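# Inside the fold
Each chain, written out:
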Amino acid sequence: MKFLLFITTVLFLALIPAPQRTQSAADIVFKNGNVYTANDKAPKAQAVAVKDDKIVFAGTNAAAQKYVGPNTRVVDLKGSTVLPGFTDSHQHLSGVGQREMTLNLEGTTSLEDFLAKVKARVDQAKPGEWVTGRGWIETHWQPPVFPTRWDLDKVSPNNPVILGRADGHGSVANSAALKLANITKDTINPFGGEISKDKQSGEPNGMLLDSAQGMVRVKVPPASSDDAERAVVLGVKRDIELGWTQFQDAGGTYADVEIFKKLYAAGTIKLRIYKAVYGPGPTATRLLDEGPTTGAYGNRFTLRTIKVVSDGALGSRGAALNEPYSDAPDTSGFLTVKEEPLRVMLAEALRTGIQVETHAIGDRANRFVLDEYEAAFKAVPASERKIADPRWRIEHAQIVNPADIPRVAKLGVIPSMQPSHAIGDLFFAPSRLGIKRLQGAYAWESFIKSGVVVPGGSDAPVERGEPMIEFYAAVARKDPKGFSGEGWHPEEAVTRAQALKMFTIWPAYAAFEEKLRGTIEVGKLADFTILSADIMTIPAPEILKTRCVMTVINGEIVFEGS
Ligand SMILES: [Zn+2]
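Below or above, wherever it landed, is the structure these notes cover.

How each quantity is defined
In this convention, every chain numbers its residues from 1, walking through the sequence in written order. Only residues with pLDDT of at least 70 get local features here, since the model is predicted, and only at 80 or more are side-chain atom pairs given and counted; chain-wide, interface and lining totals rely on the full set of residues. Where side-chain values are given, they derive from all heavy atoms of the structure, hydrogens and water being excluded. Coordination shells were defined by N, O and S atoms within 2.8 Å of each metal, extended to 3.2 Å for Na, K and Ca; water is absent from the atom set, which can make sites look incomplete. Each residue is assigned to one of three classes by its accessible area relative to the maximum for its type, calculated with a 1.4 Å probe on protein chains only: buried under 20%, partly exposed between the two thresholds, exposed over 50%. A run of H or I in DSSP becomes a helix once it reaches four residues, and a run of E becomes a strand once it reaches two; helices and strands are each numbered from the N terminus. Note on pairing: DSSP must find at least two bridges between two strands before they are called paired. Any two residues whose heavy atoms approach within 4.5 Å at even a single point are treated as in contact. Expected helix span is given by 1.5 Å per residue-to-residue step, counting one fewer step than there are residues. A pair of aromatic rings is counted whenever rings of Phe, Tyr or Trp (Trp by its six-membered ring) have centres within 6.5 Å, and the orientation is called stacked for planes under 30 degrees apart, edge-to-face for over 60 and tilted otherwise. Two conditions define a charge sitting above a ring: the NZ of Lys or the CZ of Arg must be within 6 Å of the ring centre, and it must be within 35 degrees of the ring normal. Each axis is a line fitted through C-alpha atoms, and for a helix only the stretch in contact is used; angles between axes span 0 to 180 degrees, taken between their N-to-C directions.

### Observations concerning the coordination of the zinc ion
Of the protein atoms, only His 90 (NE2), His 92 (NE2) and Asp 459 (OD) coordinate the zinc ion, at distances of 2.1 to 2.2 Å. Mapped onto the sequence, the donors of the zinc ion take the spacing H-x1-H-x366-D. Like His 90, the residue His 92 is buried in the burial classification.

### Digging into the pairing of strand E23 (residues 548-553)
Counting buried positions over the six residues of E23 gives six, a clear majority of the element. Pairing between strand E22 (residues 528-531) and E23: four bridges, direction antiparallel. When the bridges of E23 are listed, Ile 530 appears paired with Met 550. Bridge count for E23 against strand E24 (residues 556-560) is four bridges, and the pairing is antiparallel. Within E24, the residue paired with Val 552 across the bridge is Ile 557. From the end of E23 to the start of E24, which pair antiparallel, there are two residues, and Asn 554 there has a positive phi angle of about 55°.

### Observations concerning unusual backbone geometry
Residue Gly 279 is joined to Pro 280 through a cis peptide bond whose omega torsion reads -5°. The residue Pro 280 is located in the loop between strand E16 (272-278) and helix H10 (282-290) in this model. Put simply, Ala 460 and Pro 461 share a cis peptide bond, and its omega is 5°. Tracing the sequence through the fold places Pro 461 in the loop between helix H17 (444-449) and helix H18 (467-476). We note that Ala 38 has phi near 65°; this positive angle belongs to a residue other than glycine. Among the structural elements, Ala 38 can be located in the loop between strand E2 (34-36) and strand E3 (44-45). Classification of Ala 38 as buried rests on a relative accessible area of 12%. In this model, Asn 182 sits at a positive phi of 55°, which is unusual for a non-glycine residue. Within the fold, Asn 182 resides in the loop between helix H6 (175-180) and strand E13 (193-197). With a relative accessible area of 61%, Asn 182 lands in the exposed category.

### Quick word on the environment of Val 337
Checked against the element boundaries, Val 337 lands in the loop between strand E18 (301-309) and helix H12 (339-352). Residue classification places Val 337 among the buried positions, given a relative accessible area of 10%. Sequence separation of Val 337 and Phe 512 is 175 residues, and the distance between their C-alpha atoms is 26 Å. Those residues in contact with Val 337 that lie beyond four places of it in its chain are Phe 191, Pro 280, Val 308, Val 309, Ser 310, Leu 342 and Phe 368.

### Looking at helix H13 (residues 363-379)
End to end, H13 covers 24 Å across 17 residues, agreeing with the expected 24 Å (1.5 Å per residue, within 8%). If you check which residues of H13 are buried, you get Asp 363, Ala 365, Asn 366, Phe 368, Val 369, Leu 370, Glu 372, Tyr 373, Ala 376 and Phe 377. Looking at the buried side of H13, the elements it contacts are H12, strand E19 (355-360), strand E20 (393-396) and helix H14 (405-411).

### Looking at the packing of aromatic side chains
According to the stated counting rule, one finds 19 aromatic pairs in the structure shown. Ring centres of Tyr 264 and Phe 301 lie 6.1 Å apart, and the angle between their planes is 55°; this geometry places the pair in the tilted category. In this pair, Tyr 264 sits in helix H9 (residues 254-265) while Phe 301 sits in strand E18, placing the two residues 37 residues apart along the sequence. For Phe 301, a relative accessible area of 0% gives the class buried. One aromatic cluster is present, formed by Phe 247, Phe 260, Tyr 264, Tyr 297 and Phe 301 through successive ring pairs. Over the ring of Phe 428 we find Arg 165, and its NZ or CZ is 5.9 Å from the ring centre.

### Let's talk about the sheet that holds E2
Here we have six strands laid out as an open sheet, ordered E3-E2-E7-E22-E23-E24, and mixed in their pairing. Strands with a single pairing partner mark the edges of an open sheet, and in this sheet they are E3 and E24. Of the strands in this sheet, E23 and E24 are in contact with helix H8 (residues 225-242), which crosses E23 at around 115°.

### Describing the pairing of strand E1 (residues 28-31)
In terms of strand pairing, E1 meets strand E6 (residues 73-76) through four bridges, oriented parallel. Following the sheet pairing, Phe 30 is matched in E6 by Val 75. In the sheet, E1 pairs with strand E4 (residues 47-51) via three bridges, with the strands oriented antiparallel. Within E4, the residue paired with Phe 30 across the bridge is Val 48.

### Observations regarding the sheet that holds E6
Strands sit in the order E5-E4-E1-E6 across an open sheet of four strands; the sheet is mixed. With partners counted over all chains shown, the strands left at the sheet margins are strand E5 (54-59) and E6, one partner each. Averaged over all pairs of adjacent strands, the angle between their axes in this sheet comes to 15°, without regard to strand direction. Of the pairings in the sheet, the one linking E4 to E5 comprises five bridges and is antiparallel in character. Each residue of the ladder has a partner; that of Val 50, found in E5, is Ile 55.

It is worth stressing that arrangement in space is one thing and function is another; only the former is reported here.
Spelled out as structure tokens, the structure:
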């Protein structure tokens, strides 16, 4: 009898729900969302719950209810599309901010339009004051030729002027600026650059390519530290309004690092930054000596990468090609980095666990980088490295000889690519390269099929820096009007699911952060890009009309559109 009572009691107790076993409440629950998680095991959800900075639940609206406590904020998304926080894998944020602050020449339609904008700015300048700006591109001008110093002299005979081409690899300067820099017909080209000269007279025509831009730029008074800070704040504001939750800063110095740290410490900026500094040189040496900074300011700031620039750009014919340019048989472009200091630096980077990412546009530059990486991997085997799988990257990997594509996967190198370059360059790349070399150009799908991840980026301010333009370019591989020329390899466009990964989990992998962020999964940092339309299903042209309605970083709504 006693035994029976015992059993009954046990049974009875088992039926009482455990009193404190309900889920602890979330800080914020997003419900009624059209959630794409980028997690192949559970690709869709309706609701997401966040506690502190992490995702604690992703699933149905009904199941999310148990995370709603008395102090939980519930956000009804009314069907908006939720994606893992978008990352721009290659951006120059200070340049984006400066583009807003100086003369912004984006969208300039003709030489006349260009000169009118410059004149308006010169008219406001004080005597002798520099006029600087960037963003022009001659592709759609009639004829599509570079502006000259003599064009600029007509609107600015006295004030020195230097204006960067959108790609950052060329600038046009007027006569006053060339004079201040002592550039004459006798000045020889600096290493890694070219002073473009008039074919008849031999006089410099004002166009300066790659490192030659520096000969004039050093004469421009540096931006004050206030201006440099303002550029960062403006760039961050623009990024989060567009839906970026992290950008990977493709180069710079410790001066940027100091500004970022100051702004984080003050709570002024919330955007995540994965930072690189330029090398080889003293800045890279400092990073190799001092070691990386990872996950500072609530996993917002990491500095662990050296950015190398191995050639110029295709538009300005500075990209290093194996064979001459099809439309300029006297040149094959040029490499912009010396082998010896690079080799020493690469070996040291492997020993100390520093990531390297190298700008390579032309097929010669891409082969050069693969050769150098391969030699470094041989010289410093995994057992002698601080990080066995160093995840070194090639930035752009733009024109790659098809024979070199499998080498990228074999070496474990990550091609970090910018879809918008393909839809901007399609107007001049065929003439620069000829039809045959377009095989292996902007070859996203070939890379993915070869077994590598392809993090996507914008390269802003080289391009606009808008996630919807990049996503559209990746899946459409056509210009915004739907145009793509002959031989433009439509099979290299990616699927929507691949494009989603290009801006979420793949950049996270390229930053050693795939366990931390990049998908909507329990335990990951709560970063979301919330959009007005379902870019995974709508017709491609509508992607360009899609707006960011909310940006969430570390579980905090940092931007909310109207
Ligand atoms: Zn860049």
